[in-house]
Amino acid sequence: MTPVTELTKPAAAEVAKPIEGYLQVVPEARVDGGVATIDARGIYYKHLNEVVRRCLADGAKKVVLENVNGQRYIGTGLKGAGTRIEVHGTAGQDMAMFMDGPTVEVFGSAQDGVGNTMNAGRVIVHGDAGDVLGYGMRGGRVFIKGDVGYRVGIHMKAYETRHPVMVCGGKARDFFGEYMAGGVLVLLGMESRIEGPLVGGYIGTGMHGGVIYLRGEVESWQCGKEVGTFPANEEDLANLRPVLEEYCEAFGMDVDEVLSVPFTKLVPVSHRPYGKLYTYV
Amino acid sequence: MRYEPLLERMPTTRIPSFTDREGVSRGERPRYAEEAPFKIHGGCGLMGICDESGSLMSGQVPIRAMAVQRDRGNGLGGGFAGYGIYPEFPDHFCFHMMYHDLRAKEDAEALFDRYFQVDLAEPMPTRPVKGIADAPLLWRYFLNPDPHKLDEAEMTPEDFVVHSVMLINSTVDGAFVASSGKNMGAFKGVGFPEEIGHYYLLEEYEGHTWVGHNRFPTNTPGWWGGAHPFTLLDWSIVHNGEISSYGINSRYLEQFGYKCTLGTDTEVAAYLFDLMLRRHQLPIELACKALASPLWSEIDRMPEPEAEVMRSLRAVYGPGMLNGPFAIVLGFNGGMVALNDRIKLRPLVAARQGSIVMVASEESAIREVLDAPDRVWAPKAGEPVIATVAGNGSPVHSDLHLSADEVSCAVTGMPETCETVEVS
Amino acid sequence: MPISLIQPEFKVHIDYDKCHKCGRCVQQCGWSVYSFNERPIPDDSKCRACHRCVTYCPAHCITIKKNDLALRDNANWSPSLRQGVWRQAETGGVMLTGMGNDKPYLSIFDHLLLDACQVTNPSIDPLREPMELRTYLGRKPSAVEVTSDGNGGFRLAEGAGVQKNIKLDVPIIFSPMSYGSVSLPVHRSLAMAAERLGILMNTGEGGLHADLYPYADNVIVQVASGRFGVDPEYLNRGAAVEIKVGQGAKPGIGGHLPGEKINREVSETRMIPQGSDAISPAPHHDIYSIEDLRQLIYSIKEATDYKPVGVKIAAVHNVAAIASGIVRAGADYVYLDGFRGGTGAAPQIIRDHIGMPIELAIAAVDQRLRDEGIRNQASIIAAGSIRSSADLAKAIALGADVVAIGSAALMALGCHMCQGCHTGSCSWGLTTQKPELTRRVDPEWGAERLTNLVSAWSHELQEILGALGVNAVESLRGSRERLRSIGLDEQTGRILGVKPAGV
């Protein structure tokens, strides 16, 4: 057997370097007027969100998070309509989940589970968003500039005065608006980096409330069996315009250009699509 | 006695517990096996990066990519595999070994001495890391089969190496081969991946391709061998998710002689790749389509003859289709393949920056590593992301002629899988 | 001396206060239970409890009850054994009966439970997400061979695909029931339903009536030992050809359709003279050994430009070895019929005491074919009392590709399991050739009911798959890991390849 060479580094002699990864430290917040700024680089989500909550409790109206990358739960569970969180970087999983009032604006992309079971407020994402966007969303606005993933707008629902609105500027994959029970879901296909059609298959499958607007057309195989497709008429476009105006304002886009292409409207054809599926014993 | 040349001296009795030279009991000597004879459930995070130009990247890259995905695991398993990391020994097989105790090391080394020309043997460089405990003795060996033994065995070097892996994993108690390919190595253990990477001083290595894994098992892992990636020669597999079709996938593989004894989806995926790529010579694109089949409605919309290919692929390989949520990365000396399930139940994000292709469970991992990606996208369900390093070939081991049970034995070292290795 | 020692099994009770005296019961009963003398008078001894009269009585005034005439308890000599002795002492005959084994043998299906996903992998919503039941029936290569098409794509290598397989939209087909044993409207109902469902009906051994020619793509034509109606045209009129070797209800036994059932149309379809008995020999007299089976399979393939050829056998003790031989003989599918399978007529002693449960047959055959590395070479069709979608799912998890339903299909058309098929007097118009009875089945109505049944089971199978977290039936097929047993002995569990619940 060849003897151990000098190259060998005895384990104990090695000086420990810091481990790559999140820092388990509470970050500093720089407060200026009602604005708190936090450098999130390498900060573990728990500490980051703790400081965000503390800044808001101390009266900050706006929290700016710099160098965010993958930190989870930003804006999750936060309340208060006047509050604003700015995210610079890539927001992590479950951003704005259960959110009830604040505005979260992401200058970058967001990952999976944005706006999950959100009650009120606004989410604005200047990049893409991942899968299961706005799951069970009950109110507020979600505006995504780019592409979105699978199962977007899944089980969006309206309740009394709450009507959720989601507008996605790029393309979407399968199961867009699955189980949708209320609200407005819009897909524009304008800011896309993926190849293929505007949207995948199983659009609105299980849909039993709300309305989907697609900028352009879809083929019948793409749609769930519970939805009917119609060209959007004058009245539909009149309803859509204020939503798109708000969206365009967020991203500096021209609403007339957005509306320059015919829209397709998808609505459920029955509130009880499975009435005939069961036999009672 | 099929393996005669390799079996002149093998330990014939297993020692249930062992006290090392210093008289410290190290407890039961583990065999390489997952922790239970039943299906193991779990979730995970993963990454893969490949520079198609063959340029090398520091091991810090995969560590950083996994560190931002820390919460996808639970600290019970992390690991990496790097390719192109041993340019000084490009033509040597490199065995990364895990030993429970010195006796296991002696037994394995006796085997190396007898059957291989070992040109360098050294402990794996490591550093102490808080939270990393119970590390086995970690050694690596740069070696090639002894030419005489190779002649005697009438095997290709690849066959010879896998047979030796099989032999060590199944008969040398307390010894386990973590990887055995050329110019590559696996670095894995029980801990969070960034801790494991740090422990192994991964930043001192440079590779053109890296895969990483963060494990969230629902059971308590026994020892370091159980962490991912899984390897065989230069193949490494990392996997996220749970394959709900495990039951039929494993029975399907058994029909071809593979024996699924670890109860993990990763093992099943490894054998399916071996079956389809090496033994059935399917192009990698089609193997991916068999593993994550398009829906029948999509196939029906395809033009002929593509539809006919897909129809046959699905009808024939249906029992091998991985059904349920998964994302998987297969690394090899020629690059990597990333794939996720047919209805995208597990995340996978891909990016390209110049000649670098990267995949990860979360976009943040990509942003952490690539400063200016040309393109970041979420691959469509069942659409493989394939990266190939120029001139390094495909993942098909044409020099490997092993049967399925031999492959299973080499991967697992479980006694049930190694019936053909008999010692008189 | 009394005429018979055997007392009526049922009591027919008519509430004469409510009775309209309309005589509909008299007209509806195929067994001539009723006579009419100002009001209907039932003869209890003829009643089979088929409920035809009950269903059609406009006054709802008929009730059928068990005759609870007491016999001294004897756990060894059951009333039916005693009756058997009396009956045979009276007649000297072999006891003949219809439908499947009714004895209380252990039902293995009822001792198996399916799995479901919780947390570690998701269950899938079968109503809204894809949930694929499509199944290809037939021989498959063990690997797919492709060649490059020169444009970065691939095409199949010569003969490498599954072109000869039959596409089934759901893994349920109708089991063979011959025209002759069942009526033409039954056959038409089955064929129409098969077409609507994208599945197959099976002619049974009685040939294919001209009315069914348009449904050729959804028909398996059967070749049995009697070779009724078999000619080259017949062989080519089906999507597949099936060689019937045996039947679960009467393994090793031939068949006998009495001359009185051979009317003009049955005669034309079977290509035998009107009024003559149609006898199916016990074996095929050109199959005395496995190599002869191969010879027959290939002669049929030669005659049909290589259509799929299947072989139907009764599940008997050595079923695994037999099935393996059948696959090696070139069959594209093996049809296994368990000992609870139905029949138009079978000796009771055979029906009730020969064969084995389909659950064990599936398990043994599927495992044997896998052990031998030939599982891909043939599909397995399982039959012999598939009673619900639960049985269907369990059969598939044990290793069946497809199940066939016969008794359930007849029940969809009105059968109440009165076990009188062999009498030719079926009140529901199913197992009879009497025109006044056969016209009771409207094929359109029948097809709708069959379609409903199979659709409902398919939906339920999708629900089960969804709970299991898989979205294609091939991921359940043979996945015994998703089954657990309760109350089965260890040995049975081992044969089934199923662990006990809790493990």
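Being a predicted model, the structure only gives us computed values, none of them experimental. (Residues numbered from 1 in each chain as written. Chains lettered and ligands numbered in written order. Predicted model: local features only at pLDDT ≥ 70, side-chain atom pairs only at ≥ 80, totals over all residues.)

Chemist: I keep staring at the overall build of chain A and nothing clicks. Help me out?
Modeler: Scanning chain A from terminus to terminus reveals 3 helices and 12 strands. A buried classification covers 52% of the 281 residues belonging to chain A. Look at the contacts in chain A between residues 6 or more apart in sequence, and 40% of them connect residues 24 or more apart. (Helix = DSSP H or I, 4+ residues; strand = E, 2+ residues; numbered from the N terminus. Buried ≥ 20, exposed ≤ 12 C-beta atoms within 10 Å, placed from the backbone. Contact = placed C-beta atoms within 7 Å.)

Chemist: What am I meant to see in the overall build of chain C here?
Modeler: Check the secondary structure of chain C and you find 15 helices and 23 strands. Taking 2.2 N^0.38 as the reference for a compact globule, 503 residues should give roughly 23 Å; the C-alpha atoms of chain C span a radius of gyration of 24 Å, in line with that estimate. Its C-alpha atoms give chain C principal-axis dimensions of about 85 × 55 × 45 Å. Counting across all 503 residues of chain C, residues that qualify as buried make up 52%. (Rg over C-alpha atoms; globule rule 2.2 N^0.38 Å.)

Chemist: Any chance you could explain the environment of H60(C) here in plain terms?
Modeler: One can find H60(C) in the loop between α2 (52-56) and β4 (62-66). In sequence terms H60(C) and H20(C) are 40 residues apart; their C-alpha atoms lie 9.8 Å from each other.

Chemist: Would you explain helix α2 (residues 102-115) of chain B in this entry?
Modeler: Side chains of residues three or four places apart in an α-helix project in the same direction, reflecting 3.6 residues per turn. Along its 14 residues, α2(B) runs 20 Å from first to last C-alpha, staying within 8% of the 20 Å computed at 1.5 Å per residue. Taken residue by residue, α2(B) has R103(B), A104(B), K105(B), D107(B), A108(B), E109(B), L111(B), F112(B) and Y115(B) as its buried positions. (Expected span 1.5 Å × (residues − 1).)

Chemist: Help me understand the interface of chain B and chain A in this model?
Modeler: Interface size is commonly expressed as the accessible surface area that is lost when the partners come together. With 40 residues of chain B at the contact, the number on the chain A side is 33 residues. Taken together, the elements giving at least two residues each to the side of chain B that touches chain A come down to α1 (60-67), α2, β7 (116-123), α5 (193-199), α9 (296-301), α11 (363-369) and β19 (375-377) of chain B. A total of 6 residues in the side of chain B that touches chain A trace back to one element, the largest contributor, which is β7(B).

Chemist: Got a minute to help me understand the packing of helix α4 (residues 184-197) of chain C against helix α14 (residues 443-468) of chain C in this structure?
Modeler: Helix packing geometry: the angle between the two helix axes and the distance between the axes. Residue and element names in this part refer to chain C. Running from N to C, α4 and α14 point in directions that differ by 45°, and their axes come no closer than 8 Å. One way to sum up the angle between α4 and α14 is to call them oblique. At the point where α4 passes α14, the crossing takes the right-handed sense. Within the contact between the two elements, α4 uses P185, V186, R188, S189, L190, M192, A193, R196 and L197 and α14 uses P443, G446, A447, L450, T451 and V454. The residue inventory of the contact of α4 with α14, partitioned by class, reads 10 nonpolar, 3 polar and 2 charged. (Axes fitted to C-alpha atoms, helices over the stretch in contact; angles between N-to-C directions. Parallel < 35°, antiparallel > 145°, perpendicular 65-115°, else oblique. Left-handed = near helix turned anticlockwise from the far one by under 90°. Nonpolar A, V, L, I, M, F, W, Y, C, P; charged D, E, K, R; others polar.)

Chemist: I tried to follow the environment of G98(C) on my own but got confused; where do I start?
Modeler: All names here are of chain C. Looking at the secondary structure, you find G98 in the loop between β5 (96-97) and β6 (112-114). Judged by local crowding, G98 falls into the buried class, with 24 C-beta atoms found within 10 Å. Separated by 247 residues in the primary sequence, G98 and A345 place their C-alpha atoms 4.6 Å from one another. If sequence neighbours within four positions are ignored, G98 has contacts with T343, G344, A345, Q419, G420, C421, H422 and T431.

Chemist: Would you mind going over the sheet that holds strand β21 (residues 402-405) of chain C with me for this structure?
Modeler: By definition, the strands of a sheet pair up through backbone hydrogen bonds, in either a parallel or an antiparallel sense. Residue and element names in this part refer to chain C. Strands sit in the order β11-β21-β20-β18-β17-β14-β13-β12 across an open sheet of 8 strands; the sheet is parallel. Sheet topology places β11 (172-174) and β12 (201-202) at the edges, where each strand pairs with a single neighbour. Relative to strand β13 (residues 219-223), β12 runs parallel, the two being bridged by 2 bridges. Residue pairing in the sheet places N202 in a bridge with I220 of β13. Each of β13, β14 (240-244) and β17 (309-314) touches helix α7 (residues 290-303); the most contacted strand, β17, lies at about 145° to it. Across the face of the sheet, helix α8 (residues 319-328) comes into contact with β17 and β18 (333-337) while running at roughly 155° to β18. (Pairing = 2+ DSSP bridges.)

Chemist: Just to check I follow, could you spell out the interface of chain C and chain B for this structure?
Modeler: With 39 residues of chain C at the interface, the matching set in chain B holds 37 residues. Here the side of chain C that touches chain B takes 3 residues from strand β9 (residues 154-156) of chain C, the largest share from any one element. Residues that form the side of chain C that touches chain B fall into these classes: 15 nonpolar, 12 polar and 12 charged.

Chemist: It is not clear to me how the sheet that holds strand β13 (residues 230-232) of chain B should be interpreted in this structure. Could you clarify?
Modeler: All names here are of chain B. Pairing in this open sheet of 5 strands is antiparallel, and the strands run β13-β14-β15-β16-β20 from one edge to the other. In this open sheet, the two strands that pair with only one neighbour each are β13 and β20 (385-388). Recorded for the sheet is a direction-independent mean angle of 10° between the axes of neighbouring strands. Bridge analysis of strand β16 (residues 335-340) against β20 gives 4 bridges, and the strand direction is antiparallel. Across the sheet, residue A338 finds its bridge partner in β20, namely V385. In the packing of helix α7 (residues 265-279) onto the sheet, the strands contacted are β13, β14 (235-241) and β15 (326-332), and the crossing angle to β14 comes to about 135°.

Chemist: Got a minute to help me understand the pairing of β14(C) in this structure?
Modeler: Residues in a regular strand point their side chains to alternate faces of the sheet. All names here are of chain C. Counting buried positions over the 5 residues of β14 gives 5, a clear majority of the element. The alternating pattern of β14 places A240, E242 and K244 and V241 and I243 on opposite faces, both of which are buried. Sheet analysis places β13 next to β14, joined by 4 bridges and oriented parallel. Among the inter-strand pairings, V223 is bridged to a residue of β14, identified as I243.

Chemist: Would you mind showing me how to read the domain arrangement of chain C here?
Modeler: Residues and elements named next belong to chain C. Each assigned domain of chain C is listed here: domain 1 (10-93) and domain 2 (135-139 + 162-465 + 474-500). At the interface, 9 residues of domain 1 touch 9 residues of domain 2. Here the residues of the side of domain 1 that touches domain 2 are counted per class, giving 4 nonpolar, 3 polar and 2 charged. (Domains from an automatic or database assignment.)

Chemist: What am I meant to see in the packing of helix α6 (residues 246-255) of chain B against α7(B) here?
Modeler: Residues and elements named next belong to chain B. Packing of α6 against α7 brings their axes to within 10 Å, and their N-to-C directions diverge by 40°. In terms of their interaxial angle, α6 and α7 are classed as oblique. Every pair of crossing elements has a handedness; the one defined by α6 and α7 is left-handed. Along its contact with α6, which presents Y246, N249, S250 and L253, the element α7 presents D265, V268, Y271, L272 and L275. Considered class by class, the residues forming the contact of α6 with α7 number 6 nonpolar, 2 polar and 1 charged.

Chemist: Even after reading the chapter, I still don't get the nonpolar core, so can you show me in this structure?
Modeler: In summary, soluble globular proteins display a tendency toward joint burial of nonpolar side chains. All names here are of chain C. Counting residues in hydrophobic clusters, the biggest one holds 359 residues, and the most contacted among them are L200, V334, L336, I362, V365, I381 and V403. If we ignore the near neighbours within four places in the chain, the residues touching V334 are G310, V311, A323, I326, V327, V365, A378 and I380. Formed by 9 residues, the second largest nonpolar core is a distinct cluster that contains V12, C25, C29 and C53. (Core = buried A, V, L, I, M, F, W, Y, C linked by C-beta atoms within 7 Å.)

Chemist: Would you explain the pairing of β17(C) in this entry?
Modeler: All names here are of chain C. For β17, the tally of buried residues reaches 6 of 6 residues, placing the bulk of the element in the interior. With burial as the criterion, each face of β17 is covered, one bearing V309, V311 and I313 and the other bearing G310, K312 and A314. In this sheet, β17 lies alongside β14 in parallel orientation, the contact comprising 4 bridges. If you follow I243 over to β17, its bridge partner there is V311. Two elements, β17 and β18, share 5 bridges in a ladder whose sense is parallel. Residue G310 lies in a different strand from β18, and its bridge partner there is Y333. Taken together, β17, α8 and β18 form a β-α-β motif whose crossover is right-handed. (Right-handed = clockwise from strand over helix to strand, strands pointing away.)

Chemist: Where do I start with the confidence of the model for chain C in this structure?
Modeler: Detailed reading of the predicted model is not advised wherever pLDDT is low. On average, residues of chain C score 95 in pLDDT, and 100% of them reach the 70 mark or higher. Quick note on the complex model: pTM equals 0.88, ipTM equals 0.85. (pLDDT = per-residue confidence, 0-100.)

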